Amino acid sequence: MTVPISAIAGLSSVTSVAPTQSVAETAGTASTSGAGFANVLSGIDNLQQLQSTTNDLAVKAVTGDLDDVHDYTIAAAESSTALELTAAVRNKAVEAFNEIMRMQA
Amino acid sequence: MTIFGAIGIASTGLTVHRKWLDAVSDNLANVSTVRPTSEAAFRQKYVVAQEITGGDGGVQVAGVLEGSAEGRLVYEPTNPLADEEGYVRYPDIDMSSQMTQLIMAQRGYQANAAVVDRAKETYQAALQIGRN
């Protein structure tokens, strides 16, 4: 019965799609067209979405409405990783800003 | 949600194995459920898994098949449910097959949980790139 669980096809498609997208977005940001900051804001929207999903599942867990335990733990893991990613991006941006501000005299 | 693709796929595997565990648990709980011969026996449940086509992929439960309603007739004249000839109907559940499926479902669940852990570690390793 475990034989049909072969996610290899799905995995290969994911790995082939994700890098090309992110590379394209980075190229768009580097062109200083002004669209880059909007992308950052939509990323924060996604983070907000993940956090509220986690909160909903946490409420379900304590009220006994949770069907799958792993739904909550996975949502928590995803939102914390997404938060770390956002923080990493923020830190890099601030670091770059400070570096530019030091470029005087 | 392609950013956490591996975690999403493993999550579908976790759900399917949880449902399989539920089915095995139901079968084992009803292994001694006696019915009179005039009624159908408890029907063993089989979870049918199916791959998800499109999107990130993964696996889902296509449906639940049920085993034979005939069961097996056992001579138990003292049982209050016995018919005039003294027979009752037991479900035809193979205990050793159920225990084997229990192990497969448990190990499959654990394997998918391990994938979630490893994927999270991998994504966090990506966050360390360029730090310091």
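Shown above is the structure to which this text applies.
An account of the accompanying structure is given in this report. Because the structure is predicted, anything quoted here is derived from the model rather than measured.

Rules used throughout
Residues numbered from 1 in each chain as written. Chains lettered and ligands numbered in written order. Predicted model: local features only at pLDDT ≥ 70, side-chain atom pairs only at ≥ 80, totals over all residues. Heavy atoms only, no water. Helix = DSSP H or I, 4+ residues; strand = E, 2+ residues; numbered from the N terminus. Buried < 20%, exposed > 50% of the residue type's maximum accessible area, 1.4 Å probe, protein only. Salt bridge = Lys/Arg side-chain N within 4 Å of Asp/Glu carboxyl O. Axes fitted to C-alpha atoms, helices over the stretch in contact; angles between N-to-C directions. Parallel < 35°, antiparallel > 145°, perpendicular 65-115°, else oblique. Contact = heavy atoms within 4.5 Å. Nonpolar A, V, L, I, M, F, W, Y, C, P; charged D, E, K, R; others polar. Polar contact = N/O pair within 3.5 Å; in protein donor to acceptor, adjacent residues only side chain to side chain.

**Concerning the environment of alanine 29 of chain B**
All names here are of chain B.
At step 1: Tracing the chain through its elements places alanine 29 in helix H1 (residues 5–29).
At step 2: Judged by relative accessible area, which is 60%, alanine 29 ranks as exposed.
At step 3: Expressed as a C-alpha distance, the spacing of alanine 29 and glutamine 110, which sit 81 residues apart in the sequence, is 23 Å.

**Observations regarding the pattern of salt bridges**
At step 1: Overall, the coordinates contain five salt bridges over all chains when judged by the stated rule.
At step 2: Residue lysine 45 of chain B is joined to aspartate 26 of chain B by a salt bridge in which the shortest nitrogen-to-oxygen separation is 3.3 Å. Here aspartate 26 of chain B lies in helix H1 and lysine 45 of chain B lies in strand S2 (residues 45–51), a separation of 19 residues in the sequence.
At step 3: On the accessibility criterion, lysine 45 of chain B (24% relative accessible area) is partly exposed.
At step 4: The salt bridge partner of glutamate 66 of chain B is arginine 43 of chain B, with a shortest N-O separation of 3.8 Å. Linking glutamate 66 of chain B in strand S3 (residues 59–66) with arginine 43 of chain B in the loop between strand S1 (35–36) and S2, this pair joins segments that are 23 residues apart in sequence.
At step 5: For glutamate 66 of chain B, a relative accessible area of 43% gives the class partly exposed.
At step 6: Here the salt bridges do not stand alone but share partners, grouping Asp68 of chain A together with Arg18 and Asp22 of chain B into one network.

**Structural notes on the packing of helix H3 (residues 69–101) of chain A against helix H2 (residues 95–127) of chain B**
At step 1: Remark: H3 of chain A packs on H2 of chain B, axes separated minimally by 10 Å, with the N-to-C direction vectors making an angle of 10 degrees. The angle between H3 of chain A and H2 of chain B places the two elements in the roughly parallel class. Residue-level inspection shows His70, Ile74, Ala77, Ser80, Thr81, Glu84, Leu85 and Ala88 of chain A of H3 of chain A in contact with H2 of chain B, the latter providing Tyr109, Val116, Lys120, Tyr123, Gln124 and Leu127 of chain B.
At step 2: Grouping the amino acids of the contact of H3 of chain A with H2 of chain B by side-chain chemistry returns eight nonpolar, four polar and two charged.

**Quick word on the interface of chain A and chain B**
At step 1: Counting residues at the interface gives 24 residues for chain A and 29 residues for chain B.
At step 2: For the pair chain A and chain B, the number of links is one salt bridge.
At step 3: Across the pair aspartate 68 of chain A and arginine 18 of chain B runs a salt bridge whose closest N-O atoms are separated by 2.4 Å.
At step 4: Across the contact surface, chain A and chain B share four residue pairs in polar contact (both at pLDDT 80 or more).
At step 5: For the side of chain A that touches chain B, the secondary-structure elements that each account for two or more residues are helix H1 (8–30) and H3 of chain A.
At step 6: A per-element tally of the side of chain A that touches chain B places H3 of chain A first, with twelve residues.

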